[in-house]
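The residues making up each chain are set out below.
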Amino acid sequence: YLLERGRVFNSAGTPTQAVPLFREAWAVGTTSDLDYYAVDAAHMLAIALPPAEQSPWAEKAIARANGSRDPRTRRWLGPLNNNLGWTHHAEGDFGAALACFEAALQAYETQGKVAEIRVAKWAVARAMRSLGNFAEALGKQQLLLAELDTAGEEDGYVYEEIGECLLALTRPDEAAPFFAKAYATLSKDNWLVEHEAKRIERLRILATHAQP
């Protein structure tokens, strides 16, 4: 009940009203040995609190999930590590982000979640690019591309990252076709077009004339 009330307030854009409810849910969950709900509460606090206060709650959630014997609770480890990884990445701490993405990948592999495994592999390679490990990042994205080709699937984000890695390696002529594929795919995503118009336009430009 506390979690759902908090979610309603948070979704309505009033996180200050949600936070006390999530804190109370955490207290109830931890004192009653309800690991799944305690982790959920910490996870929501890591979303609703101001950015500077988010990481400690994400870490509490991960620690609680790691220490739980409940399989349902341990399924939180993938998304929790993924979310914390992106928090670290936004802060510019790419090494910490990579460690979280690798932990997320391990969790998803344990659970055998194919789609989530691919996303986690992508995130690991993305963090490597941010760390300047362009060749290694490219290799991992190319392996993902091979998986997609075998499955007969497309992924604009993989195309985009391969293009970015090739561009970083000063191979613009090789990068351009991947930017073209990324543009063709991602420009159909209405959310991206609305919220990341500059990114989509950059892909369009690089598709025709990639610059190292």
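Residues numbered from 1 in each chain as written. Predicted model: local features only at pLDDT ≥ 70, side-chain atom pairs only at ≥ 80, totals over all residues. Heavy atoms only, no water.

A.B. asks: How should the packing of aromatic side chains be read in this particular structure?
C.D. replies: Both the distance between ring centres and the angle between the ring planes are used here to describe each pair of aromatic rings. Evaluation of the coordinates by the stated rule reveals 6 aromatic pairs. Ring centres of Trp 26 and Trp 57 lie 5.3 Å apart, and the angle between their planes is 90 degrees; this geometry places the pair in the edge-to-face category. You can see Trp 26 sitting in helix H2 (residues 15-31) and its partner Trp 57 sitting in helix H4 (residues 51-66), a full 31 residues away along the chain. You can call Trp 26 buried: its relative accessible area is 17%. With centroids separated by 5.4 Å and ring planes inclined at 85 degrees, the aromatic side chains of Tyr 36 and Tyr 37 adopt a geometry described as edge-to-face. (Phe/Tyr/Trp six-rings, centres within 6.5 Å; stacked < 30°, edge-to-face > 60°. Helix = DSSP H or I, 4+ residues; strand = E, 2+ residues; numbered from the N terminus. Buried < 20%, exposed > 50% of the residue type's maximum accessible area, 1.4 Å probe, protein only.)

A.B. asks: I tried to follow the pattern of salt bridges on my own but got confused; where do I start?
C.D. replies: For side chains bearing opposite charge, pairing can occur when the charged atoms are close. Per the counting criterion, the structure on display carries 13 salt bridges. Ionic pairing is found between Arg 64 and Asp 35, a salt bridge with its closest N-O pair at 3.0 Å. Taken together, the residues span a long stretch of sequence, with Arg 64 in helix H4 and Asp 35 in helix H3 (residues 35-48) at a distance of 29 residues. For Glu 196, the salt bridge identified is with Arg 199, shortest N-O distance 3.1 Å. (Salt bridge = Lys/Arg side-chain N within 4 Å of Asp/Glu carboxyl O.)

A.B. asks: What am I meant to see in the nonpolar core here?
C.D. replies: The tendency in soluble globular proteins is for nonpolar side chains to be buried as a group. Ranked by internal contacts, the top residues of the largest apolar core, which has 33 residues, are Phe 101, Val 124, Val 158, Ile 162, Phe 179 and Leu 203. Where this core is concerned, the elements lending two or more residues are helix H7 (94-111), helix H8 (114-130), helix H9 (134-151), helix H10 (156-168), helix H11 (172-186) and helix H13 (197-208). Sequence-distant contacts of Leu 203, that is, excluding residues within four places in its chain, are made with Glu 160, Phe 179, Ala 182, Tyr 183 and Leu 186. Of all hydrophobic cores here, the second largest spans 29 residues; its members include Trp 26, Tyr 36, Ala 61 and Ala 107. (Core = buried A, V, L, I, M, F, W, Y, C linked by side-chain atoms within 4.5 Å. Contact = heavy atoms within 4.5 Å.)

A.B. asks: Just checking my understanding: could you explain the side chain of Ser 68 for this structure?
C.D. replies: Following the sequence through the fold, Ser 68 ends up in the loop between H4 and helix H5 (71-74). According to the relative accessible area criterion, Ser 68 is buried, its value standing at 5%. Looking at Ser 68, its side chain comes within polar contact range of the main-chain nitrogen of Asp 70, at 3.0 Å. Those residues within four positions of Ser 68 in sequence are excluded, and the remaining contacts are Asp 35, Thr 73 and Arg 74. (Polar contact = N/O pair within 3.5 Å; in protein donor to acceptor, adjacent residues only side chain to side chain.)

A.B. asks: It is not clear to me how H3 should be interpreted in this structure. Could you clarify?
C.D. replies: Helical geometry note: an α-helix holds 3.6 residues per turn, so side chains three or four residues apart project in the same direction. Compared with the 20 Å implied by 1.5 Å per residue over 14 residues, the 20 Å span of H3 between its first and last C-alpha is a close match. Across the 14 residues that make up H3, a large majority, 12, are buried. Among all positions of H3, only Asp 35, Tyr 36, Ala 38, Val 39, Asp 40, Ala 41, Ala 42, His 43, Met 44, Leu 45, Ala 46 and Ala 48 are buried. Packing partners of the buried residues in H3 comprise helix H1 (2-11), H2, H4, H5 and helix H6 (77-91). (Expected span 1.5 Å × (residues − 1).)

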